[in-house]
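An overview of the molecular structure
Here is what each chain is made of, one letter per residue.
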Amino acid sequence: MPRPSKHVPPETLGGRIRAARESQRLSLAEVAAERYSTSLISQIERNRVEPSQESLQYLSEKLKLPFGELDRLAQMQRETDSEEQQFKHYEELRTRAEQARANKAPLRGLEILGNLSFSQIPPSLRWRLATLRGQCYFDHRKFLPAQQDFLIAIAEKPEAVPLDLQAEEMILHLRLAATYRELEQLEEALKEYQTALDMMDFNTSLLYIAETHWGLSLVASVLADKPTNGHVCPGKRAELLSTALDHAKNASVLYRSVNDSVREALLLCQIGLIEKARGNPDEARQQLRNVLDTWQPRLELTLEGQPQRKERANLVSAVACSLASLELQEQHYDDAEAYARLAKKTGQQSYKIRRAEASMILGRILEAKQLHDPEAQQAFEYAINVLASTDRLSARIRAHNWLGRHLMKKGDVAAGEKELDHAFALANLASGNTGPTIIPEGEPVD
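Residues numbered from 1 in each chain as written. Predicted model: local features only at pLDDT ≥ 70, side-chain atom pairs only at ≥ 80, totals over all residues. Heavy atoms only, no water.

**Section: the overall build of the protein chain**
Summing up its helical and strand segments, the protein chain has 20 helices and zero strands in all. On C-alpha atoms alone, the protein chain measures out to a radius of gyration of 31 Å, which is more than a quarter above the 22 Å that the 2.2 N^0.38 rule sets for 446 residues. Counting all 446 residues of the protein chain, 51% fall into the buried class. Here the analysis covers contacts within the protein chain between residues at least 6 apart in sequence; of these, 64% occur between residues at least 24 apart. Here the protein chain has roughly 21400 Å² of accessible surface; of this, 51% comes from carbon and sulfur atoms. (Helix = DSSP H or I, 4+ residues; strand = E, 2+ residues; numbered from the N terminus. Rg over C-alpha atoms; globule rule 2.2 N^0.38 Å. Buried < 20%, exposed > 50% of the residue type's maximum accessible area, 1.4 Å probe, protein only. Contact = heavy atoms within 4.5 Å. Areas by Shrake-Rupley, 256 points an atom, 1.4 Å probe, with all protein chains shown as cover.)

Quick look at the structure:
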């Protein structure tokens, strides 16, 4: 950033030289004499040019200034110039990575920011770059490195964030919350979502507010399904499900207000599953059927390659998977299987998580219909293979759990224990315990 030409801080090298010259009533030409140009002396005074040791010695003698003082100020100036160049370099990286994210190219953002050494980055940019790289990892569904970067950002951000950067701070807490949720660290997720919500005001985008309510609903739903909140404490479970329902309804209304009909429908699907968990299967079935009847025809009318096709396939697969789960619970196995196969078919056009979730529910249905149906084991193994390259730890744990239980039921104890051990190892990696959940993986970002 260029310095003002008319004002030079007196504590700098140029400011000290100018002050000495003016106090002695010397002109630039008189200082330059026949040895240097007036232009050079002027640029030294404005800190535009770094003087050589020879010219520094000359100015020291000419202006009767201690050489050691000038040399120290010159060193300080070099450090300042270096910091400014560093700031400019990292600010350019940040701008390019932001543009990559805006263009939905998180891998490009990671290429730009991938080799950052945070100790070398100016402190004012350190937390912002850590947040940005974490967001690129998050967008790419790499939740473990995303969490690491978000925690670095939390540690490095100043205690009082400037007003114009407080929106970035809020997004940091929101993304950290979502990362905790993906890794089944639910209590931490709850705290971060609440922190983000407390930071929001009338200037906050409704999309961020809706995403926060969605996340809080997902967390409350999963917590409600934990054994300690179910059989042990049914009152706590009912309270959590009521909280989940309130947040889901809030998110649905907000998405409707910004005309995001796909996410509104995903929330309606979640509301149906919450009603199922509250013991209202008929109400849940009607809610889910309404969503499917509305969106399945829209998917069929969407041409290959159209941007909205993947999102619509994601929605249809999610709601079909939810209906399959409901019908399995009601022991309507044929209906459940039909919905599961629809979920798997449409999931092929969507995200890995959708294909895996559909395959897991199909495996459970086939197992319930006929324990030794080989397709049941194949369905669980397919889900494991689809998720193997992802950081979807919660879903990976469920897949290994379901396959392990299936093998144990069939009498293959050694293979079953191996799968359950794998699930336990993944749970340790996520630093949280997990199990089957009534809520499908939400997609507030995809």
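Right, picking up where we left off after that structure.
**Remarks on the nonpolar core**
Leu113, Leu116, Leu129 and Tyr193 are the most contacted members of the largest nonpolar core, which has 93 residues in total. Counting residues in each nonpolar core, the second largest holds 16 residues, with Ile17, Ala20, Val31 and Leu65 among its members. (Core = buried A, V, L, I, M, F, W, Y, C linked by side-chain atoms within 4.5 Å.)

**Brief notes about the confidence of the model for the protein chain**
Detailed reading of the predicted coordinates is not advisable wherever pLDDT is low. Of the residues in the protein chain, 93% have a pLDDT of 70 or more, and the chain-wide mean is 89. Under a pLDDT of 50 for its full length, residues 432-446 has, in the predicted model, 62 contacts with residues more than four places off or in other chains. (pLDDT = per-residue confidence, 0-100.)

**As for the packing of aromatic side chains**
In total, this model carries three aromatic pairs according to the counting rule given. Summarising the aromatic geometry, the rings of Phe138 and Phe143 are spaced 5.5 Å apart at their centres and angled 70° between planes, so their arrangement reads as edge-to-face. Judged on exposure class, the residue Phe138 and its partner Phe143 are both buried. Directly above the aromatic system of Trp295 lies the positively charged group of Arg298, at a separation of 4.3 Å from the ring centroid. (Phe/Tyr/Trp six-rings, centres within 6.5 Å; stacked < 30°, edge-to-face > 60°. Lys NZ or Arg CZ within 6 Å of the ring centre and 35° of its normal.)

**Digging into the packing of helix α9 (residues 166-182) against helix α11 (residues 206-224)**
Where α9 contacts α11, the two axes come as close as 11 Å, and the packing angle between them is 25°. The pairing of α9 with α11 is recorded here as roughly parallel in orientation. In this structure, α9 crosses over α11, and the sense of that crossing is left-handed. Listed contacts from α11 to Met170, Ile171, Leu174, Arg175 and Arg181 of α9 are Tyr208, Glu211, Thr212, Gly215, Leu218 and Val219. In the contact of α9 with α11, the residues fall into six nonpolar, two polar and three charged. (Axes fitted to C-alpha atoms, helices over the stretch in contact; angles between N-to-C directions. Parallel < 35°, antiparallel > 145°, perpendicular 65-115°, else oblique. Left-handed = near helix turned anticlockwise from the far one by under 90°. Nonpolar A, V, L, I, M, F, W, Y, C, P; charged D, E, K, R; others polar.)

**Here's the deal with the packing of helix α15 (residues 307-329) against helix α17 (residues 352-369)**
Where α15 contacts α17, the axes come no closer than 10 Å and their chain directions differ by 20°. Classified by the angle between their axes, α15 and α17 sit roughly parallel to one another. Classified by chirality, the crossing of α17 by α15 is left-handed. Of the residues in α17, those touching α15 at Asn314, Ser317, Ala318, Cys321, Ala324, Ser325 and Leu328 are Arg354, Glu357, Ala358, Ile361, Arg364, Ile365 and Ala368.

**Some details on helix α8 (residues 143-156)**
Taking 1.5 Å per residue as the helical rise, α8 with its 14 residues ought to reach 20 Å, and the 20 Å between its terminal C-alpha atoms agrees with that figure. Contacts made by the buried residues of α8 are with α7 (123-139) and α9. (Expected span 1.5 Å × (residues − 1).)

**Side note on unusual backbone geometry**
Even without glycine at this site, Glu184 takes up a positive phi of about 65°. Inspection of the secondary structure assignment puts Glu184 in the loop between α9 and α10 (186-199). Accessibility expressed as a relative area gives 8% for Glu184, which makes it buried. Of note in this structure, Asn259 is not a glycine but carries a positive phi near 60°.

**Brief notes about the environment of Val161**
Note that Val161 resides in the loop between α8 and α9. Accessibility expressed as a relative area gives 7% for Val161, which makes it buried. Separated by 178 residues in sequence, Val161 and Tyr339 place their C-alpha atoms 49 Å apart. Once residues within four sequence positions are removed from consideration, Val161 is found in contact with Trp127, Gln166 and Glu169.

**So, the pattern of salt bridges**
Per the counting criterion, the structure on display carries 29 salt bridges. Close ionic contact of Arg108 with Glu111 constitutes a salt bridge, the shortest N to O distance being 3.1 Å. On the criterion of helical spacing, the pair formed by Arg108 and Glu111 is a turn pair, its members being three residues apart in helix α6 (residues 106-113). Classification of Arg108 by relative accessible area gives partly exposed; the value is 40%. (Salt bridge = Lys/Arg side-chain N within 4 Å of Asp/Glu carboxyl O.)

**Here's the deal with the state of the cysteines**
The tally for this structure, following the rule as stated, stands at zero disulfides. With no disulfide of its own, Cys321 lies closest to Cys269 among cysteine sulfurs, the gap being 8.7 Å. Residue classification places Cys321 among the buried positions, given a relative accessible area of 13%. (Disulfide = S-S within 2.5 Å.)

**Here's the deal with a nonpolar patch on the surface**
The grouping of Leu206, Leu207 and Val258 at the surface amounts to a nonpolar patch, some 210 Å² of accessible area in total. Take Leu206: it is sitting in helix α11. A relative accessible area of 36% places Leu206 in the partly exposed class. (Patch = residues over 30% accessible without salt bridge, like charges linked within 9 Å, V, L, I, M, F, W, Y side chains within 5 Å.)

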